[in-house]
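The chain contents come next:
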Amino acid sequence: MITPEALYKKRREFMKLGAGALISSSLLSSKLLALNFTSDTNTKKLKISDEELATNYVNFYEFSTNKKRAVALAQNFNTQNWKIELSGEIEKPLSLSMEDILKFPLEEKIYRFRCVETWSMVVPWVGFELRRLIDMAKPTSEAKFVKFTTLLDKKQFPDQASFFPVVEYPYVEGLRMDEAMHPLTLLAVGMYKKALKPQNGAPIRLVVPWKYGFKSIKSIVKIEFVKEQPKSTWEKYAPNEYGFYANVNPEVAHPRWSQAHERALGDFFTQPTLMFNGYEKEVSSLYAGMDLRKNY
Ligand SMILES: Nc1nc2c(c(=O)[nH]1)N[C@H]1C(S)=C(S)[C@@H](COP(=O)(O)O)O[C@H]1N2
Ligand SMILES: [Mo]
């Protein structure tokens, strides 16, 4: 139980750090510790994944394709003075600090999360709806897609410094404007009521629960409003395997394996994968009239 007294103590501890220690990570932790977000009532009655499993079973290729090594290598990731640049088809370019970002109304959102690798989890994210930031950016009528870019920093990301990087960097993802404006689309700054751990995409990442996990780009530094559909990292890597839309669809197999079932982290048995990862009611209208076999 967080009592007002505990809250007060936490705040005071934070104040003691002084203005010089106002780095984004402590700012984030304090904001989240102060429980400055609304709780999710879990109306879908989802079974939340074990926190240790969910925060340590990661894909973050900039660190390593090996999940354990990625976690180990991420530990000293420096997110100080983190900025997000907003540019492209908007009224005027903007640069936001994490302090600016944390002014958006934070909410807890318990979402299913499904990776193309066929594992899945249920995560209580903390973040805010991307549409709030889009409203602030005031895109022009020319803006048809939103393009997201991860930090490029060879000093911090071993695979970016490698002679043969696994994928092309910086990691890029994109959404159609209506997908980006959907209330389910989240910019997450925390999970399990705490600031994001570096391996999970600190200090800020995208979460699009009805799409395969690779769309949920980590450690974002740039958000651009563009006219044309951006080429995402995985689409460039293998366009026949990873389409731009990447909507979870149990009926469309990956060329090398079925997507009909998934294994929730910690479970022994698999379970059927749901259309749009269980968010069909909420999002299917976005794709009315589209051939989801062609536009995977
Ligand atoms: N920048 C970046 N973002 C990324 C990835 C990555 O390698 N680099 N991996 C993606 C994939 S494939 C998945 S499944 C999710 C995993 O998120 P998690 O490690 O927090 O579970 O992050 C996505 N975002
Ligand atoms: Mo993934």
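Residues numbered from 1 in each chain as written. Chains lettered and ligands numbered in written order. Predicted model: local features only at pLDDT ≥ 70, side-chain atom pairs only at ≥ 80, totals over all residues. Heavy atoms only, no water.

It is worth spelling out the overall build of the protein chain at this point. From N to C terminus, the protein chain includes 10 helices and 13 strands. Along the first, second and third principal axes, the C-alpha atoms of the protein chain reach 55 × 45 × 40 Å. Residue burial in the protein chain is summarised as follows: out of 296 residues, 52% are buried. If you take every contact in the protein chain between residues at least 6 apart in sequence, the share linking residues at least 24 apart comes to 71%. Carbon and sulfur atoms make up 54% of the accessible area of the protein chain, which totals about 14600 Å². Taking the 42 positively charged and 34 negatively charged side chains of the protein chain as two groups, their mean positions are separated by 3 Å. (Helix = DSSP H or I, 4+ residues; strand = E, 2+ residues; numbered from the N terminus. Buried < 20%, exposed > 50% of the residue type's maximum accessible area, 1.4 Å probe, protein only. Contact = heavy atoms within 4.5 Å. Areas by Shrake-Rupley, 256 points an atom, 1.4 Å probe, with all protein chains shown as cover. Lys, Arg positive; Asp, Glu negative; His and termini not counted. Charge placed at Lys NZ, Arg CZ, Asp CG, Glu CD.)

We now examine helix H4 (residues 67-74). For H4, every residue scored as buried is listed here: Lys67, Ala70, Val71 and Ala74. Here the buried residues of H4 occupy an arc of 100° about the axis, which is enough to place them on one side. Of the residues in H4, the exposed ones pointing more than 90 degrees away from the buried face are Lys68, Arg69 and Ala72. Its buried side turned inward, H4 meets helix H3 (51-56) and strand E5 (119-129). Where H4 begins, one side-chain oxygen reaches toward the backbone nitrogen of lysine 68, 3.0 Å away; that side chain belongs to asparagine 66. (Arc of directions from axis to C-beta. Polar contact = N/O pair within 3.5 Å; in protein donor to acceptor, adjacent residues only side chain to side chain.)

For the rest of this paragraph, the subject is the pattern of salt bridges. Taken as a whole and assessed by the stated rule, the structure comprises 20 salt bridges. Two residues, lysine 109 and glutamate 129, come together in a salt bridge whose shortest N-O distance is 3.0 Å. Highlighted residues: lysine 109 in strand E4 (residues 106-114) and glutamate 129 in strand E5, separated in sequence by 20 residues. For the pair shown, lysine 109 and glutamate 129 are each scored as buried. A salt bridge links glutamate 224 to lysine 147, with the nearest nitrogen and oxygen atoms 4.0 Å apart. Residue glutamate 224 is located in strand E11 (residues 220-226), and its partner lysine 147 is located in strand E6 (residues 145-150); the two are separated by 77 residues in the primary sequence. Residue glutamate 224 is classed as buried on the basis of its relative accessible area of 17%. (Salt bridge = Lys/Arg side-chain N within 4 Å of Asp/Glu carboxyl O.)

On to helix H6 (residues 130-137). Residues of H6 that are buried: Leu130, Leu133, Ile134 and Ala137. For H6, the buried positions fall inside an angular range of 100° around the axis, keeping them on one side.

Another aspect to go through is the environment of leucine 186. Here leucine 186 lies in strand E8 (residues 186-191). Overall, leucine 186 belongs to the buried group, its relative accessible area being 0%.

Right, let's talk about the site of ligand 1 for a bit. Around ligand 1, 19 residues are found, and the nearest of them are Tyr61, Glu62, Arg205, Ser216 and Lys218. The contact in question runs from an oxygen atom of ligand 1 to an N or O atom on the backbone of tyrosine 61, over 2.7 Å. Contact between ligand 1 and lysine 218: an oxygen atom at 2.7 Å from a side-chain N or O atom of the residue. When ligand 1 is considered free in solution it has 530 Å² of accessible area, and contact with the protein chains removes 98% of it. (Near = heavy atom within 4 Å.)

To continue, consider the sheet that holds strand E2 (residues 83-88). As summarised here, the arrangement of the 5 strands in space is E3-E2-E11-E6-E7, forming an open sheet in which the pairing is mixed. With one partner strand each, in any of the chains shown, strand E3 (94-97) and strand E7 (172-176) form the two edges of the open sheet. With strand direction ignored, the average angle separating the axes of adjacent strands in the sheet is 20°. Pairing of E2 with E3 involves 4 bridges; the strand directions are antiparallel. The partner of lysine 83 across the bridge, within E3, is serine 97. (Pairing = 2+ DSSP bridges. Axes fitted to C-alpha atoms, helices over the stretch in contact; angles between N-to-C directions.)

The topology assignment puts glutamate 142 in the loop between H6 and E6. Taking the relative accessible area as the measure of exposure, glutamate 142 reaches 38% and is therefore partly exposed. The spacing of glutamate 142 and glycine 88 is 54 residues in sequence and 9.5 Å in space, taken between C-alpha atoms. Not counting residues within four places of it along the chain, the set of residues in contact with glutamate 142 comprises Glu89, Val226 and Lys227.

Purely geometric numbers; function is a separate question.
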